[in-house]
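Residue strings, one per chain:
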Amino acid sequence: MGTSELINSKDNGLNNSPKNNINRVIVRNIVRVGLPVAIQSMLVALLSLTDVVMVSSYGTESAAAVGLASKWHFLIIMIMSGISQAAGILIAQFAGKSDFKSAKSIFNKSLFLGLAIFTLPVILMTFMPSYFILCQTDDKNVIAQGSTYLVWSSLVQLLTFFVILCESSMRSTGDGFTPLVIGTITILLNIFFNYCFIGGNFGFSPMEVKGAAVATSLARVIQFVILISFFVVKGHWIYKSISTPLPTTVISRLKKLSVSCTASSVVFAVGAMISQILVGKIGTIELATYCILVPFFNLMYALYYGLSVASSVTIGGLLGKKDFTGAKATAKSFLKWIGVLGLITGVLLYLLKPVIIQCLNFNDNQLDLASYALNVASIYCVLCMLNMMLVNGILRAGGQNSYTLYCNIITTWCCDLPFTAIAVYLGCSFYTAYPFLYSGEILGFILLYMGYKKGRWLADLTV
């Protein structure tokens with residue numbers, strides 16, 4: 001079901017509707033869009049966690065190598081996500097008007113832009129991998145294994161961009177189920193290939209780190225083929241719709257949104273990479289612990305990311321219809337829900353800490369480090385969730401990407417990284433330095449909430 005159908009259905013009641021009708025529409029869009037996105041995000045995070053845990057059986061250097069190499073792919077994927085988010089913002093609003101020809105034009109322009117940006121970096125990562133890993137560590141064994149991972153998994157990132165753009169476009173038009181089904185098939189295949197190639201099962205020779213890279217690449221190729229086949233067989237608008245010339249103002253807006261979304265993603269991704277480097281300066285055991293915990297936290301945050309996508313799709317469609325009253329009421333409800341769920345998650349994270357540590361296969365040297373990191377995460381959990389909703393679910397839906405970028409720069413580069421770097425270079429332990437990685441969340445919430453209250457995100461971007 002498309003966004004126009006979700007928004008225009010007779011019982012949506014968002015325009016001058018009572019509170020119970022607003023909540024009914026929110027629940028419907030969470031089920032149709034948010035939950036599929038959340039489940040798929042959880043599966044992706046579970047896959048990353050599986051990669052690291054399976055490889056970690058070959059030593060902390062192997063786990064660190066996969067974690068470091070994956071951060072470069074994470075950087076590229078974050079840029080891809082930035083471009084795809086920009087496209088999705090406009091596609092959601094055009095879909096609210098049932099204008100799929102303009103939506104197709106947005107899709108095409110975003111695809112060409114992304115391929116132009118990513119081709120050179122992907123080639124460099126494939127043929128000059130050691131220079132990338134060398135930026136993160138001076139451990140020769142980690143550099144060698146990380147380079148192997150990049151060689152065998154980088155070229156396929158061009159297909160990854162097409163997949164991410166398609167998924168964003170489909171979700172923006174109300175279809176969260178199809179990306180979930182195709183993504184689930186891909187992830188299950190990836191885990192199966194991991195089992196075959198990393199440890200050497202079903203007649204394959206053990207490839208260790210190389211096996212993880214080969215498994216990821218092969219699964220992505222299959223996902224690309226399935227997506228193309230689906231579009232052709234179903235006559236999907238991404239395949240069937242004929243693009244129409246866009247007004248220069250809309251093209252300019254797409255470029256502006258792409259720049260701000262991409263810049264924000266780069267700031268976040270580079271910040272994550274530098275955080276990993278700073279933790280690595282403390283020690284290899286601390287780095288390996290951190291590399292295992294990051295995919296777990298991504299798994300935990302997946303539900304809230306799904307809710308933010310459901311919020312963005314719902315609000316974007318309403319803004320495209322100029323239903324600013326409904327959009328404002330919807331945003332308020334989503335913030336209340338995410339706050340309550342964030343508190344519950346923080347409590348559960350603390351209470352289930354022993355089970356989590358056991359499931360993540362930490363060795364004896366990592367137990368105390370992991371326990372402490374989970375304690376810190378449980379404290380800051382609710383702020384992380386609220387900030388995610390404000391950025392992805394509300395402000396960006398109304399085109400306030402530049403504002404969210406400024407907030408990201410301030411919190412990451414003026415709080416998180418400087419304070420952590422000072423602690424590391426003063427010789428502080430992991431227990432002292434790690435909390436500083438979350439130090440910007442409080443300031444971030446204050447700035448983002450101020451932007452939300454000003455209401456500048458209540459705007460129709462298609463005119």
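Residues numbered from 1 in each chain as written. Predicted model: local features only at pLDDT ≥ 70, side-chain atom pairs only at ≥ 80, totals over all residues. Heavy atoms only, no water.

### Topic: the overall build of the protein
Working step 1: Looking only at helices and strands, the protein has 18 helices and zero strands in total.
Working step 2: Since a compact globule built from 463 residues should have a radius of gyration of about 23 Å, the 22 Å found for the protein is in line with a globular shape.
Working step 3: Expressed as lengths along the three principal axes of its C-alpha atoms, the size of the protein is roughly 60 × 45 × 35 Å.
Working step 4: Across the protein, every contact between residues at least 6 apart in sequence was considered, and the portion connecting residues at least 24 apart equals 83%.
Working step 5: Total accessible area on the protein is roughly 18900 Å²; 67% of this is exposed by carbon and sulfur atoms.
Working step 6: Charge-centre separation for the protein: the mean point of 30 positive side chains lies 16 Å from the mean point of 17 negative side chains. (Helix = DSSP H or I, 4+ residues; strand = E, 2+ residues; numbered from the N terminus. Rg over C-alpha atoms; globule rule 2.2 N^0.38 Å. Contact = heavy atoms within 4.5 Å. Areas by Shrake-Rupley, 256 points an atom, 1.4 Å probe, with all protein chains shown as cover. Lys, Arg positive; Asp, Glu negative; His and termini not counted. Charge placed at Lys NZ, Arg CZ, Asp CG, Glu CD.)

### Looking at the packing of helix H11 (residues 248-282) against helix H12 (residues 284-320)
Working step 1: The geometry of H11 relative to H12 is characterised by a closest axis approach of 6 Å and an angle of 145° between their N-to-C directions. Judged by residue contacts, Ser275, Gln276, Val279, Gly280 and Ile282 of H11 engage Glu286, Leu287, Tyr290 and Cys291 from H12.
Working step 2: For the contact of H11 with H12, the class distribution of residues is five nonpolar, three polar and one charged. (Axes fitted to C-alpha atoms, helices over the stretch in contact; angles between N-to-C directions. Nonpolar A, V, L, I, M, F, W, Y, C, P; charged D, E, K, R; others polar.)

### Things to note about the nonpolar core
Working step 1: Counting 54 residues, the largest nonpolar core has Phe297, Ile394, Tyr434 and Tyr438 as the members making the most contacts within it.
Working step 2: Contributing elements (two or more residues each) for this core: H12, helix H13 (324-351), helix H14 (353-359), helix H15 (367-395) and helix H18 (441-454).
Working step 3: Per-element accounting of this core gives the leading share, 18 residues, to H15.
Working step 4: Setting aside residues up to four positions removed in sequence, tyrosine 434 forms contacts with Tyr290, Phe297, Tyr372, Ala373 and Val376.
Working step 5: Counting residues in hydrophobic clusters, the runner-up holds 52 residues, among them Val55, Met80, Ile182 and Leu257. (Core = buried A, V, L, I, M, F, W, Y, C linked by side-chain atoms within 4.5 Å. Buried < 20%, exposed > 50% of the residue type's maximum accessible area, 1.4 Å probe, protein only.)

### Here we look at the confidence of the model for the protein
Working step 1: Considering every residue of the protein, the mean pLDDT works out to 81; 90% of them sit at 70 or more.
Working step 2: Here residues 1-18 scores under 50 on pLDDT; set against residues more than four positions off or in separate chains, the count is 47 contacts. (pLDDT = per-residue confidence, 0-100.)

### Things to note about the packing of helix H4 (residues 100-127) against H11
For any two helices packed against each other, the geometry comes down to the angle between their axes and how far apart the axes lie.
Working step 1: Relative to each other, H4 and H11 sit at 45°, their axes nearing to 11 Å. When the interaxial angle is binned, H4 and H11 end up oblique. For the pair H4 and H11, the sense of crossing is right-handed. In contact with Ile106, Lys109, Ser110 and Leu113 of H4, H11 contributes Val250, Ile251, Leu254 and Ser258.
Working step 2: Split by residue class, the contact of H4 with H11 holds five nonpolar, two polar and one charged. (Parallel < 35°, antiparallel > 145°, perpendicular 65-115°, else oblique. Left-handed = near helix turned anticlockwise from the far one by under 90°.)

### Notes on H15
Working step 1: Compared with the 42 Å implied by 1.5 Å per residue over 29 residues, the 39 Å span of H15 between its first and last C-alpha is a close match.
Working step 2: Where burial is concerned, most of H15 is hidden: 24 out of the 29 residues are buried. (Expected span 1.5 Å × (residues − 1).)

### Quick word on the environment of valine 424
Working step 1: The residue valine 424 is located in helix H16 (residues 401-425) in this model.
Working step 2: Separated by 146 residues in sequence, valine 424 and leucine 278 have C-alpha atoms that sit 6.8 Å apart.

### Thoughts on the environment of phenylalanine 100
Working step 1: Mapped onto the fold, phenylalanine 100 is located in helix H4.
Working step 2: Measuring from C-alpha to C-alpha, the distance between phenylalanine 100 and lysine 240 comes to 10.0 Å, with 140 residues separating the pair along the chain.

### Here's the deal with the packing of aromatic side chains
Aromatic ring pairs are reported here in terms of the distance separating the ring centres and the angle at which the planes meet.
Working step 1: Within the structure shown, the criterion is met by 20 aromatic pairs.
Working step 2: A ring pair is formed by phenylalanine 100 and tryptophan 237, whose centres lie 5.9 Å apart and whose planes are at 50°; its orientation type is tilted. With phenylalanine 100 in helix H4 and tryptophan 237 in helix H10 (residues 237-240), this pair connects stretches of sequence that are 137 residues apart.
Working step 3: For tryptophan 237, a relative accessible area of 12% puts it in the buried group. (Phe/Tyr/Trp six-rings, centres within 6.5 Å; stacked < 30°, edge-to-face > 60°.)

### What about a nonpolar patch on the surface?
Working step 1: Among the surface-exposed residues, Trp337, Val340, Leu341, Ile344, Val347, Leu348, Tyr350, Leu351, Leu352 and Val355 lie close enough to one another that they form a single nonpolar patch of about 900 Å² accessible area.
Working step 2: The element best represented in the nonpolar patch is H13, accounting for eight residues.
Working step 3: Following the sequence through the fold, isoleucine 344 ends up in helix H13. (Patch = residues over 30% accessible without salt bridge, like charges linked within 9 Å, V, L, I, M, F, W, Y side chains within 5 Å. Salt bridge = Lys/Arg side-chain N within 4 Å of Asp/Glu carboxyl O.)

### Quick notes on the environment of glycine 200
Working step 1: Relative to the elements of secondary structure, glycine 200 occurs in the loop between helix H8 (177-197) and helix H9 (209-234).
Working step 2: Separated by 51 residues in sequence, glycine 200 and tyrosine 149 place their C-alpha atoms 17 Å apart.

### Thoughts on H16
Working step 1: With 25 residues, H16 should reach 36 Å at 1.5 Å per residue; the first-to-last C-alpha distance of 34 Å fits that figure.
Working step 2: Threonine 412 marks the point of greatest bend in H16, at about 30°.
Working step 3: Where H16 terminates, the next one or two residues include glycine 427, which has phi positive at roughly 85°. (Bend = angle between axes of the 7 residues up to and from the residue.)

### Topic: the pattern of salt bridges
Working step 1: What the rule picks out here adds up to one salt bridge.
Working step 2: Across the pair glutamate 167 and arginine 171 runs a salt bridge whose closest N-O atoms are separated by 3.9 Å. With glutamate 167 and arginine 171 both in helix H7 (residues 157-172) and four residues apart, this pair spans about one turn of that helix.
Working step 3: For glutamate 167, a relative accessible area of 9% puts it in the buried group.
Working step 4: For arginine 171, a relative accessible area of 10% puts it in the buried group.

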